[in-house]
Amino acid sequence: MLSDSVRGTSPADVLLSLADGYASGIKARFDVSRRMKGSIITWPHGCGVIYQCIQNCDGHHLDIGTAGGGTAFVSHKAIKDGRRVYTVDPFEGKYKDYKEIWIENQAKLGPDILWVPNLDDLLDARFATAYIDGDHAFESIWRDWNFCISKVDNYIILDDVCRKFPGVLSVFDILSRGGTNWRLVHLAGITAVFAKEPLTN
């Protein structure tokens, strides 16, 4: 269930400005989808939001949930020179067969993207932005969120906020109640963006 503070929120209520970066992200998604093996799981809107958030900042980007690499490659197109995209996936369970697909796609679409199997491999890193789309169980999403708030300086994007994924929806409901220095600044479709206050550029 959505908390009363966000129930009924519409795209017109967003506080994250979706400008040129948003359109560029949608374009990047279609470009990547034509070139990669497999498909991008994330919807065009989500890719536009990721691109816009990355473009708004100056720092590394963390992509949780690699699969075939779609969102990592879209993020790679948005990242500023001298910054990197880090992507995390243990390639277990139903995604275990994606590792070979990821390796093949990475070679042609993002050879300098850094893949690691676990968040523990990034304990010394800092990021400007993060995208959470890994294991959708409540405990996993909550773990990913708590890792991100200790490592991310600007935006955390939470994907799949919908009834199909009750674990994600439960985490979102907790976060949307406030009480932290992370503020909900965008909610449309199945994509939510939280911004750290104050933002660090």
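To start, this report covers the structure provided alongside it. Sequence order as written defines the numbering, with residues in each chain counted from 1. With pLDDT at 70 or above as the cut-off, local features in this predicted model cover only qualifying residues; side-chain atom pairs require 80 or more to be listed or tallied, and sums for whole chains, interfaces and linings still use all residues. Side-chain metrics rest on all non-hydrogen atoms present in the structure, leaving aside hydrogens and water.

Attention now moves to a nonpolar patch on the surface. Here, patches come from residues exposed beyond 30% relative accessible area and free of salt bridges, joined within 9 Å for like charges and within 5 Å for nonpolar side chains (Val, Leu, Ile, Met, Phe, Trp, Tyr). Here the Shrake-Rupley method, with its probe set to 1.4 Å, supplies the accessible areas, and only the displayed protein chains count as covering residues. By salt bridge we mean one thing: a side-chain nitrogen of Lys or Arg within 4 Å of a carboxyl oxygen of Asp or Glu. Together, Phe138, Trp142 and Ile174 give the surface a local cluster of nonpolar side chains, amounting to about 230 Å² of exposed area. Only runs of H or I of at least four residues qualify as helices and only runs of E of at least two qualify as strands under DSSP, and these elements are numbered from the N terminus. Topologically, Trp142 is positioned in helix H5 (residues 138-151).

A few words now on the pairing of strand E4 (residues 127-132). When a residue's accessible area, from a 1.4 Å probe over protein chains only, is under 20% of the maximum for its type it is buried; when over 50% it is exposed; and in between it is partly exposed. A large share of E4 lies buried, amounting to six of its six residues. A pair of strands is treated as paired once DSSP finds two or more bridges between them. Across four bridges, the pairing between strand E1 (residues 61-64) and E4 is parallel. Bridged to Leu62 within E4 is Ala130. Looking at chain direction, E4 and strand E5 (residues 152-158) are connected through five bridges and run parallel. Across the sheet, the residue bridging to Thr129 is Tyr155, located in E5. Crossover handedness is defined here as right-handed if the route from the first strand over the helix to the second strand goes clockwise, with the strands pointing away from the viewer. This β-α-β element, E4 to H5 to E5, shows right-handed connectivity.

Right, let's talk about the pattern of salt bridges for a bit. In total, this model carries eight salt bridges according to the counting rule given. When the shortest N-O distance is used, the salt bridge between Asp58 and Arg83 registers 3.1 Å. With Asp58 in the loop between helix H2 (44-55) and E1 and Arg83 in the loop between helix H3 (70-78) and strand E2 (85-88), this residue pair connects regions lying 25 residues apart in the sequence. Judged by its relative accessible area of 41%, Asp58 is partly exposed. Where Asp153 meets Arg126, a salt bridge forms, and the shortest distance between an N and an O atom there is 2.7 Å. Of this pair, Asp153 sits in strand E5 while Arg126 sits in the loop between strand E3 (114-116) and E4, and the two are 27 residues apart along the sequence. Overall, Asp153 belongs to the buried group, its relative accessible area being 19%.

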